[in-house]
Amino acid sequence: MGDLFLVRHGETEWSRSGRHTGSTDVPLTEHGRDEARRLVPLIRSHRIGAAFVSPLQRARETADLIGLGTHGTRVDADLREWDYGGYEGVTTVEIQRERPGWFLFTDGVAPGPPEHPGETPEQVGERADRMLAKVDAALANTEGCVVLVAHGHFLRVLTARRLGLPPAAGALFQLATGTVCRLGTEHGRPVIAGWNIRPEG
């Protein structure tokens, strides 16, 4: 069975300033596009059996720039970023002025509008579990690896779930924009085989 590759989209204006970016469909910056293009050699060096991408433009553009367009990439809503509810567009520093010690992975978010009410860590974990079931089905039916192009906080939770940890353990896996992570197996158990990988130079 092949490995699972996680790609966090390139930089956006909001990721650069630390604003929580869930449903807001902001584009990549030019630097973010450069980050994505630099990943092409890392992606091309592996046989890709299936690829999935978040519906948000920053992820879809990253997928296009790294050359996944020829791999029948499937858009999947389960890969969207954490629904930050009332904290959409707000930085951690700003939140902690009102809620000292606030921490996303354990405290969740403030309620938002009906169309984006916010998610608990457990709800994000449930989405991650659904996505991992699709990954396992794809891995069972291909000789290559599976690539997911998505968002920082969601991919951190998905990593925790892949390793058999609770969603809040996503806090342990810092994930930079424009990087690749590799989840594999050792003696039949899931492991992190590479994290925050960027091309050298």
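Higher on the page you've got the structure.
Now for a description of the structure that goes with this document. Each chain has its residues counted from 1, following the order in which its sequence is written. For this predicted model, a pLDDT threshold of at least 70 governs which residues receive local features, and a threshold of 80 or more governs which side-chain atom pairs are given and counted, while totals over whole chains, interfaces and linings are taken from all residues. Side-chain calculation: all heavy atoms of the structure are included, whereas hydrogens and water are not.

## What to know about the packing of helix α2 (residues 30-38) against helix α4 (residues 57-65)
Then comes step 1: For the pair α2 and α4, the least separation of the axes is 8 Å and the interaxial angle reads 40°. Here α2 lies oblique to α4, going by the angle between them. Judged by the sense of rotation from one axis to the other, the crossing of α2 with α4 is right-handed. Contacts between α2 and α4 involve R33, A36 and R37 from the former and E61, T62 and L65 from the latter. Helix axes are fitted only over the stretch in contact, all axes being lines through C-alpha atoms; the angle between N-to-C directions runs from 0 to 180 degrees. Numbering of helices and strands runs from the N terminus, with a helix taken as a DSSP run of H or I at least four residues long and a strand as a DSSP run of E at least two residues long. Any angle that falls under 35 degrees is termed roughly parallel, while one over 145 is termed roughly antiparallel, one within 65 to 115 roughly perpendicular, and all others oblique. Each helix crossing is assigned a hand: it is left-handed if the near helix lies turned anticlockwise from the far helix by less than a right angle, otherwise right-handed if that turn is clockwise. We call two residues contacting when some pair of their heavy atoms lies within 4.5 Å.

## A few points about the pattern of salt bridges
Then comes step 1: Put simply, a salt bridge is a Lys or Arg side-chain nitrogen that is within 4 Å of an Asp or Glu carboxyl oxygen. Evaluation of the coordinates by the stated rule reveals 15 salt bridges.
Then comes step 2: Residue R16 is joined to E11 by a salt bridge in which the shortest nitrogen-to-oxygen separation is 3.6 Å.
Then comes step 3: Burial classes follow relative accessibility: with a 1.4 Å probe on protein chains only, a residue under 20% of its type's maximum area counts as buried, one over 50% as exposed, and anything between as partly exposed. What makes E11 buried here is its relative accessible area of 10%.
Then comes step 4: When the shortest N-O distance is used, the salt bridge between D34 and R37 registers 2.9 Å. A residue pair is termed a helical-turn pair when its members lie 3 or 4 positions apart in one helix, as D34 and R37 do in helix α2 at three residues.

## Looking at the state of the cysteines
Then comes step 1: By convention in this document, the label disulfide applies to cysteine sulfur atom pairs within 2.5 Å. Taken as a whole and assessed by the stated rule, the structure comprises zero disulfides.
Then comes step 2: Free of any disulfide, C145 has its nearest cysteine sulfur in C181, 14 Å distant.
Then comes step 3: On the basis of relative accessible area, C145 is assigned to the buried category, the value being 5%.

## So, the environment of Y87
Then comes step 1: Structurally, Y87 can be placed in the loop between β3 (74-75) and α5 (92-98).
Then comes step 2: Judged by relative accessible area, which is 11%, Y87 ranks as buried.
Then comes step 3: In sequence terms Y87 and T106 are 19 residues apart; their C-alpha atoms lie 15 Å from each other.
Then comes step 4: For this analysis, a polar contact is any N or O atom pair within 3.5 Å, provided that within protein one partner can donate a hydrogen and the other can accept it, and provided that sequence-adjacent residues contribute only side-chain to side-chain pairs. In terms of polar contacts, Y87 uses its side chain to reach the side chain of R99, at 3.0 Å.

## Let's talk about the nonpolar core
If you look at soluble globular proteins, the nonpolar side chains tend to sit buried side by side.
Then comes step 1: Take the buried Ala, Val, Leu, Ile, Met, Phe, Trp, Tyr and Cys residues and link them wherever side-chain atoms come within 4.5 Å; each set so joined is a nonpolar core. Counting residues in each nonpolar core, the largest one holds 31 residues, and the members touching the most others are L4, V146, L148 and L158.
Then comes step 2: Only β1 (4-8), β2 (48-53), α6 (104-107), α7 (121-140), β4 (145-150), α8 (152-162) and β5 (180-186) provide two or more residues apiece to this core.
Then comes step 3: The biggest single contributor to this core is α7, with seven residues.
Then comes step 4: Not counting residues up to four positions away in its chain, the partners in contact with L4 are L132, V135, V146, L148, L158, R162, C181, R182 and L183.
Then comes step 5: The next biggest cluster of nonpolar side chains, apart from the first, holds 16 residues, and it includes V7, I48, C145 and V180.

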